[in-house]
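What follows is the residue order along each chain.
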Amino acid sequence: MSEKSQETLSNLLKEARRFPPPAELAESANVTAAAYEQASADRLGFWAEQAERLEWSKPWDEVLDWSDPPFAKWFVGGELNVAYNCVDRHVEAGLGARVAYHWEGEPGDTRTITYAELQREVAKAANALVELGVEKGDRVAIYLPMIPELPISMLACARIGATHSVVFGGFSAEALRTRIDDAQAKLVITADGGYRRGKPSALKPTVDAAVERTPSVEHVLVVRRTGEDVARHDRDVWWEDVVERQSEEHAAQPHDAEHPLYILYTSGTTGKPKGILHTTGGYLTQTAYTHHAVFDLKPETDVYWCSADIGWVTGHSYIVYGPLANGATSVLYEGTPDTPHQGRWWEIIERYGVTLFYTAPTAIRTFMKWGDDIPARSDLSSLRLLGSVGEPINPEAYVWYREHIGAGRTPVVDTWWQTETGAIMISPLPGVTAGKPGAAMKPLPGIVADVVDDQGAPVPNGGGGFLVLKEPWPSMLRTVWGDDERFVKTYWSRFPGVYFAGDGAKRDEDGDIWLLGRVDDVMLVSGHNISTTEVESALVSHPKVAESAVVGATDPVTGQAIVAFVIPRGSAGEEVEGDDFAAELRNHVAHSLGPIAKPRQIMIVPELPKTRSGKIMRRLLRDVAENRGIGDVTTLADSTVMDLISQKQASAK
Ligand code: WT7
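Note that the structure is predicted; figures quoted are calculated from it, not measured.

Rules behind the numbers
Residues numbered from 1 in each chain as written. Predicted model: local features only at pLDDT ≥ 70, side-chain atom pairs only at ≥ 80, totals over all residues. Axes fitted to C-alpha atoms, helices over the stretch in contact; angles between N-to-C directions. Helix = DSSP H or I, 4+ residues; strand = E, 2+ residues; numbered from the N terminus. Parallel < 35°, antiparallel > 145°, perpendicular 65-115°, else oblique. Left-handed = near helix turned anticlockwise from the far one by under 90°. Contact = placed C-beta atoms within 7 Å. Nonpolar A, V, L, I, M, F, W, Y, C, P; charged D, E, K, R; others polar. UniProt positions renumbered as here; feature names shortened; annotations may be inferred. Pairing = 2+ DSSP bridges. Near = placed C-beta within 6 Å. Buried ≥ 20, exposed ≤ 12 C-beta atoms within 10 Å, placed from the backbone. Arc of directions from axis to C-beta. Core = buried A, V, L, I, M, F, W, Y, C linked by C-beta atoms within 7 Å.

Viewed as axis vectors pointing N to C, helix H4 (residues 82–95) and helix H5 (residues 115–131) meet at an angle of 135°, and their least axial separation amounts to 9 Å. Considering their axes alone, H4 and H5 lie oblique with respect to each other. Classified by chirality, the crossing of H5 by H4 is left-handed. Between H4 and H5, the contacting residues are Ala83, Val87, Asp88, His90, Val91 and Leu95 on the first element and Tyr115, Ala116, Leu118, Gln119 and Val122 on the second. Considered class by class, the residues forming the contact of H4 with H5 number eight nonpolar, two polar and one charged.

Listed below in structure tokens is the structure:
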């Protein structure tokens, strides 16, 4: 980050639309405004009360030990078993027949898993892990498609106290190898493959390549999913041989509240991936509470669907741990949104009567691009609440989501959090907050966040700066696996004593928080800090724009100049070639945000480069904008995208 980019960020975008909660939801909401007062009066007492939603084998002695910051210990001395809390206790409470997951494979095969069945499956898997020599404290790498064996494997690890490291199934052999190696995993759980885009997509060969050079791995446990031929090695064992014959009984032992539950690697912009470590009691407390509060889950009647992949933290916290701890019924879907056609997700919502739906802005913008008529073909009337996560949601995407998916009735909760925070931190409460399109609004009860300037001083309302978290929270990362120094340096050194999230943010006149993207993405134009997010939102508010990505390119006159990449919406594609459209968009941005934010150049493109978790890789677009060779594309979801964009660049010259 340059000196200059630490100046206060501009505050350009004005958004006046407000969506108060539906009366019915406000009346019956799980959490009311009183929670804010209760938590600010006694934050630790508030979290202690939330921890009571779990069953503890041994009560804690102290809610928080913060005597050695930034190394936190929550619920010190307490003991519990995560898998017991997510599964067995619901069965013991007589809810064994409740569906935990409505699973649907991409080819259309389905499986309904009740809590009673999940208990049996997890017990068998736990017994198998023990037989394979996995002990409490060992690490297990999990590289699976979105099939039931994925949450079952995670819960089996949690049950015996093995620390799992789920690696997203789209990662390469090299990415998998470095993650296995860093965690020194003893076992890898994988499948022959999964289904993606209508055909089998192999996983086992990637594992075979990765474990050639990972001496820590003793066994590879393979689930048969596609039935395709795979190479067999001595270290391989098959799920159907080892797990299926196990006893359906497994006595869960309690683990310390600070026992390592999982490691999840986050790549960041530079350097080797960081193994973010989450532990047991505080993590489960905050994922369960936030799932209850933010989604207003009524476990008896709701059907909840988070469309993320379990390979990301969203899936860990809001497909597996939070929902199961709350006894929710969830949908689990294996495949892509456009297989066999672009209405697949809406058919799933109709089929299972999904009431609560959680997805990402990148998906929402893709649906906008595909056209309004596609969701209109399905009956989405079961939905009562929509959530968003992963990036700032552009106001126009928020409004589209609410209108076209939520029939103009459902609240939209824009939830800000990170792999590192473990659970939602800033979000509307659906029964309390009058939502503003594009704003994450307020820290949840029990969370203390602020927007500060480059000196660490809080900005006044109307100001912009850096998002920080001022008090520890139960689901916070405990360290970077094996690298305490990097943990301190990355998150706790920019501003002494507080957690630096790396995101730009602003406070509006009401004091509500808007996220402005990663600090590294802020542009400095003629001495003004302008956020990429705000310019992108202005572009997306044009009726013919589906999606955009904005970068700052070095400019001899203005320092940096704004260069925008734009994907036209639906049928607009054919009519929008040419300079007139670019000029129209430049004027539109100038009109929405002010002349300072007018892009120097607009390129109309068919696709944008995204990571596999759906984030725009602005670094690559900066290479295009600055007429350089394109840098490392190995983490792109689709590596051909940059070729398409480069062709556009060449033809524009
Ligand atoms: C970064 C964390 C949290 C699970 C998925 C991403 C961005 C996330 C929002 C939001 C604006 C958001 C931030 C954050 N982000 N949610 N609602 N509004 N920005 O986890 O991969 O660790 O990424 O995603 O930049 O720092 P992650």
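The next thing to look at is the UniProt feature "domain: Acetyl-coenzyme A synthetase N-terminal" (unreviewed entry) in the chain. Following the UniProt record, one finds the feature "domain: Acetyl-coenzyme A synthetase N-terminal" (unreviewed entry) at residues 34–86. Taken end to end, residues 34–86 comprises 42% helix and 28% strand; its first and last C-alpha atoms sit 28 Å apart.

Here four bridges tie strand E1 (residues 62–68) to strand E2 (residues 71–76), and the two strands are oriented antiparallel to one another. Residue pairing across strands places Leu64 opposite Trp74, the latter belonging to E2. Between E1 and E2, which pair antiparallel and follow one another directly, the connecting turn spans two residues.

Attention now goes to the sheet that holds strand E18 (residues 356–359). Strand order in this open sheet of seven strands is E5-E4-E17-E16-E18-E19-E20, and the pairing throughout is mixed. Each of the sheet's edge strands pairs with one partner strand only, and the pair in question is strand E5 (110–114) and strand E20 (412–414). Here the strands of the sheet are splayed against their neighbours by 20° on average, with no regard to which way each runs. Note that strand E4 (residues 99–104) and strand E17 (residues 330–333) share four bridges and pair parallel. Counted as the bridge partner of Trp103 is Leu332 from E17.

A few words on the site of the ligand. In the vicinity of the ligand there are 20 residues, among which Pro392, Trp416, Gln418, Thr419 and Leu515 approach most closely. Secondary structure elements with two or more residues in the shell around the ligand: helix H11 (313–325), strand E23 (499–507) and strand E24 (513–518). The biggest single contributor to the shell around the ligand is E23, with three residues. Across the shell around the ligand, the residue classes break down as eight nonpolar, eight polar and four charged.

With antiparallel pairing, the four strands of this open sheet are ordered in space as E21-E22-E23-E24. In the strand order of this sheet, the two ends are held by strand E21 (449–452) and E24, each with one partner. Neighbour-to-neighbour, the strand axes of this sheet turn through a mean angle of 45°, independent of strand direction. Pairing between E23 and E24: four bridges, direction antiparallel. Residue pairing in the sheet places Asp503 in a bridge with Arg518 of E24.

Moving on, we come to helix H8 (residues 204–211). All of the buried residues along H8 are Lys204, Thr206, Val207, Ala210 and Val211. Buried residues in H8, looked at end-on, bunch into an arc of 155°, giving them a common side. Packed against the buried residues of H8 are strand E6 (139–143), helix H7 (173–183), strand E8 (187–191), strand E9 (193–196), strand E10 (199–202) and strand E11 (219–223).

For the rest of this paragraph, the subject is the nonpolar core. Among the nonpolar cores identified, the biggest contains 199 residues, and Val122, Val188, Val535 and Ile562 are the most heavily contacted of them. Beyond its immediate sequence surroundings of up to four residues, Val122 is in contact with Ala83, Val87, Ile152, Leu155, Ala156 and Arg159.

Further remarks concern unusual backbone geometry. The linkage connecting Pro69 with the following residue, Pro70, adopts the cis geometry, with an omega of 0°. Residue placement: Pro70 occurs in the loop between E1 and E2. Omega for the bond connecting Thr339 with Pro340 falls within 30 degrees of zero, at 0°, which places this linkage in the cis form. Mapping Pro340 onto the fold places it in the loop between E17 and helix H12 (344–352). Phi angles above zero are rare outside glycine, and Arg197 is one such case at about 50°.

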